[in-house]
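Understanding the architecture of this molecule
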Amino acid sequence: GIQVEQSPPDLILQEGANSTLRCNFSDSVNNLQWFHQNPWGQLINLFYIPSGTKQNGRLSATTVATERYSLLYISSSQTTDSGVYFCAVLNQAGTALIFGKGTTLSVSS
Amino acid sequence: ETGVTQTPRHLVMGMTNKKSLKCEQHLGHNAMYWYKQSAKKPLELMFVYSLEERVENNSVPSRFSPECPNSSHLFLHLHTLQPEDSALYLCASSQDVGTGELFFGEGSRLTVL
């Protein structure tokens, strides 16, 4: 099946720093999403981005489908950005998203 | 009201109990999903439903029994669970199976004693 690899696994930042999270996938996909899981377990949609670039405030994402990777950029990080960031892509059966292991981000003030 | 609601948020049960998790989506979606998130593991897909019909059972043990009475409601019936089944169970929905954005509920945190 499709493999999803995220890096780095852990990231520690000072408030105000910028960061880039990476998601590599092993096969072509037509559905890719980024999620943020807060400390209470809620998964929040960040981007639906099978290709191209999108921006939402301090966050932006780029997917280069032909090269099988996606990047999530966080600028001017805040403590509320802490949590786990997941990348998910459509499985080969085309029925559901499968998830990477996530990047755990800790932002300190 | 949030788009996908799950109850209960927390559940503690013994290995011989029978309990159910409930999920309701208010987004008019046709597809609903159960995922399991164990400590230190990525989210694992359990079941996929499209318009009340199960389209995928991802090798889940029979002690987990899903039910989808209509396109807005999804249940996960639990019986004779094991302590290793303790996890966060997440319900999600999307417009159709495998298409569009996936929206999650807040999850039901299950502890099996």
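Each remark here, short or long, concerns the structure printed above.
These lines cover the structure that appears in this document, whether it is placed above or below. (Residues numbered from 1 in each chain as written. Chains lettered and ligands numbered in written order. Predicted model: local features only at pLDDT ≥ 70, side-chain atom pairs only at ≥ 80, totals over all residues. Heavy atoms only, no water.)

Attention shifts here to unusual backbone geometry. Peptide bonds are, in most cases, trans, and in most cases residues other than glycine have a negative phi. A cis amide bond links serine 7 of chain A with the next residue in sequence, proline 8 of chain A, at an omega value of -10°. With respect to the secondary-structure elements, proline 8 of chain A resides in the loop between strand 1 (4-7) and strand 2 (10-14). Of note, the amide linkage connecting threonine 7 of chain B to proline 8 of chain B takes the cis form, showing an omega dihedral of -10°. Mapped onto the elements, proline 8 of chain B comes out in the loop between strand 1 (4-7) and strand 2 (10-13). (Helix = DSSP H or I, 4+ residues; strand = E, 2+ residues; numbered from the N terminus.)

It is worth spelling out the layout of surface pockets at this point. Approximately 780 Å³ is the volume found for the largest pocket. Together, 39 residues line the largest pocket, and Phe86 and Lys101 of chain A together with Gln37, Lys41 and Pro42 of chain B are the ones closest to its centre. Secondary-structure elements contributing two or more residues to the lining of the largest pocket are strand 1, strand 9 (83-90) and strand 10 (97-99) of chain A together with strand 4 (31-37), strand 5 (44-50) and strand 9 (87-94) of chain B. Here the residues of the lining of the largest pocket sort into 17 nonpolar, 14 polar and eight charged. Around the second largest pocket, the lining residues are Lys36, Glu44, Leu45, Met46, Asn58, Ser59, Val60, Pro61, Arg63, Phe64, Glu84 and Asp85 of chain B. Ranked by residue count, the leading element in the lining of the second largest pocket is strand 5 of chain B, at three residues. In the lining of the second largest pocket, the residues fall into five nonpolar, two polar and five charged. (1 Å grid on protein atoms, 1.4 Å probe; cavity = no way out; pocket = protein on both sides within 12 Å on 5 of 7 lines; lining within 4 Å. Points joined across faces, edges and corners; volume = space filled by probe spheres on them. Nonpolar A, V, L, I, M, F, W, Y, C, P; charged D, E, K, R; others polar.)

Okay, the pairing of strand 8 (residues 69-74) of chain A next. Residues and elements named next belong to chain A. Of all six residues making up strand 8, five are buried, and the element is well covered by its neighbours. By the bridge criterion, six bridges tie strand 3 (residues 19-25) to strand 8 in an arrangement that is antiparallel. The partner of arginine 22 across the bridge, within strand 8, is leucine 71. Here strand 7 (residues 59-64) pairs with strand 8 via six bridges, running antiparallel. Of the residues in strand 8, the one forming a bridge with leucine 59 is isoleucine 74. Where strand 7 folds back on strand 8, the antiparallel hairpin that results is connected by four residues, among which arginine 68 adopts a positive phi of roughly 60°. (Buried < 20%, exposed > 50% of the residue type's maximum accessible area, 1.4 Å probe, protein only. Pairing = 2+ DSSP bridges.)

Listed as interface residues are 21 residues of chain A and, on the opposing side, 21 residues of chain B. Between chain A and chain B lies a buried interface of about 1,600 Å² when both sides are counted; carbon and sulfur atoms form 54% of it. Of all residues in chain A, the largest losses of buried area upon contact with chain B belong to Gln42, Thr95 and Phe99 of chain A, amounting jointly to 29% of the total for that side. Put simply, chain A and chain B have zero salt bridges between them. Linking chain A with chain B are ten residue pairs in polar contact (both at pLDDT 80 or more). Put simply, the parts of the chain that give the side of chain A that touches chain B at least two residues each are strand 4 (32-37), strand 5 (43-48), strand 9 and strand 10 of chain A. When grouped by side-chain class, the residues that make up the side of chain A that touches chain B number ten nonpolar, ten polar and one charged. (Contact = heavy atoms within 4.5 Å. Buried area = accessible area lost by both parts, 1.4 Å probe. Salt bridge = Lys/Arg side-chain N within 4 Å of Asp/Glu carboxyl O. Polar contact = N/O pair within 3.5 Å; in protein donor to acceptor, adjacent residues only side chain to side chain.)

Before going further, it helps to examine empty space enclosed by the protein. Over the atoms a probe the size of a water molecule is rolled, and this reveals where empty space is left. Scanning the model with the defined rule gives one cavity of 30 Å³ or more in all. Roughly 50 Å³ of internal volume is contained in the largest cavity. What lines the largest cavity is simply Asn31, Gln33, Leu90, Ala96 and Leu97 of chain A together with Tyr33, Ser94, Gly98, Thr99, Gly100 and Leu102 of chain B. Residues belonging to the lining of the largest cavity are distributed by class as follows: five nonpolar, six polar and no charged.

Time to look at the side chain of glutamine 42 of chain A. Its place among the elements puts glutamine 42 of chain A in the loop between strand 4 and strand 5. Overall, the relative accessible area of 14% leaves glutamine 42 of chain A in the buried class. Only 3.4 Å separates the side chain of glutamine 42 of chain A from the backbone oxygen of phenylalanine 104 of chain B, close enough to count as a polar contact. With residues up to four places along the chain from it excluded, the contact list for glutamine 42 of chain A reads His36 and Gln37 of chain A together with Phe104, Gly105 and Glu106 of chain B.

The next subject is the sheet that holds strand 7 (residues 64-70) of chain B. Residue and element names in this part refer to chain B. A sheet is described by the order of its strands in space; here four strands give the open sequence 1-3-8-7, paired in antiparallel fashion. Two strands in the sheet have a free side with no partner beyond their single neighbour: strand 1 and strand 7. Neighbour to neighbour, the strand axes of the sheet diverge by 20° on average, direction disregarded. Sheet topology note: the strand 1/strand 3 (residues 18-25) ladder contains four bridges and is antiparallel. Directly across from threonine 7, in strand 3, lies its bridge partner lysine 22. (Axes fitted to C-alpha atoms, helices over the stretch in contact; angles between N-to-C directions.)

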